[in-house]
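A structural walkthrough
So the chains spell out like this:
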Amino acid sequence: MSRPDRDVLLCRGCCCGTAEKHPRTDHDAQRDALLDCDGAFGVRVRVVDCLDHCDRSNVVLVRDFTAGRRPHDTWLGGVLNRRTTERLVTWVQDGGALPRELVPHRFGTHTRGGGPA
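A word on the nonpolar core
Of all hydrophobic cores here, the largest spans 16 residues; its most connected members are Val8, Leu34, Val60, Val62, Leu88, Trp91 and Val92. Every element with two or more residues in this core is listed here: strand E1 (6-11), strand E2 (43-48), strand E3 (60-64) and helix H2 (82-94). Among the elements that line this core, the one with the most residues is H2, at four residues. In contact with Val92, not counting residues within four places along its chain, are Arg6, Val8, Val43 and Val62. If you look at the next biggest cluster of nonpolar residues, it comprises nine residues, including Leu51, Val59, Leu61 and Trp75.

This is the structure:
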């Protein structure tokens, strides 16, 4: 399989995606909306156990490979409602700059090697 333009990792195995932590969020609909992008628009979506940012749940990592060999990582937290999920799906499909509606959800992190993401 060739490398996707964008790789989306959706945290679901820990506290992200649980009704106990976020009872007003439709976690299944969010997962399904993102999985509907998988294999289309140059997007690969993977549901992963934990992205180690539980204080920011629900966490999504978007790795954009369109600018070259090294991905540009965008970490998003607090993706908890239908509108934010819809905007995320549209952005993942279309690519480009992070939409202003998603900017408040972006947070910085470091790679496992200790350098900036």
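Quick look at helix H1 (residues 27-35)
Buried within H1 are the following residues: His27, Gln30 and Leu34. The buried residues of H1 occupy an angular sector of 65° when the element is viewed end-on, so they sit on one face. Next to the buried residues of H1 lie E1, E2 and H2.

Focus: the side chain of Ser57
Inspection of the secondary structure assignment puts Ser57 in the loop between E2 and E3. Reaching out from Ser57, the side chain makes a polar contact with the side chain of His22 at a distance of 2.7 Å.

Some thoughts on the sheet that holds strand E4 (residues 72-76)
In space, the five strands of this open sheet follow the order E2-E1-E3-E4-E5, with mixed pairing throughout. Each of the sheet's edge strands pairs with one partner strand only, and the pair in question is E2 and strand E5 (106-107). Examined bridge by bridge, E1 and E3 share five bridges and lie antiparallel to one another. Opposite Leu10, over in E3, you have Val60 as the bridge partner. H2 rests against E1, E2, E3 and E4 of the sheet, and its axis sits at about 155° to E1.

What counts as what
Residues numbered from 1 in each chain as written. Predicted model: local features only at pLDDT ≥ 70, side-chain atom pairs only at ≥ 80, totals over all residues. Heavy atoms only, no water. Core = buried A, V, L, I, M, F, W, Y, C linked by side-chain atoms within 4.5 Å. Buried < 20%, exposed > 50% of the residue type's maximum accessible area, 1.4 Å probe, protein only. Helix = DSSP H or I, 4+ residues; strand = E, 2+ residues; numbered from the N terminus. Contact = heavy atoms within 4.5 Å. Arc of directions from axis to C-beta. Polar contact = N/O pair within 3.5 Å; in protein donor to acceptor, adjacent residues only side chain to side chain. Pairing = 2+ DSSP bridges. Axes fitted to C-alpha atoms, helices over the stretch in contact; angles between N-to-C directions.

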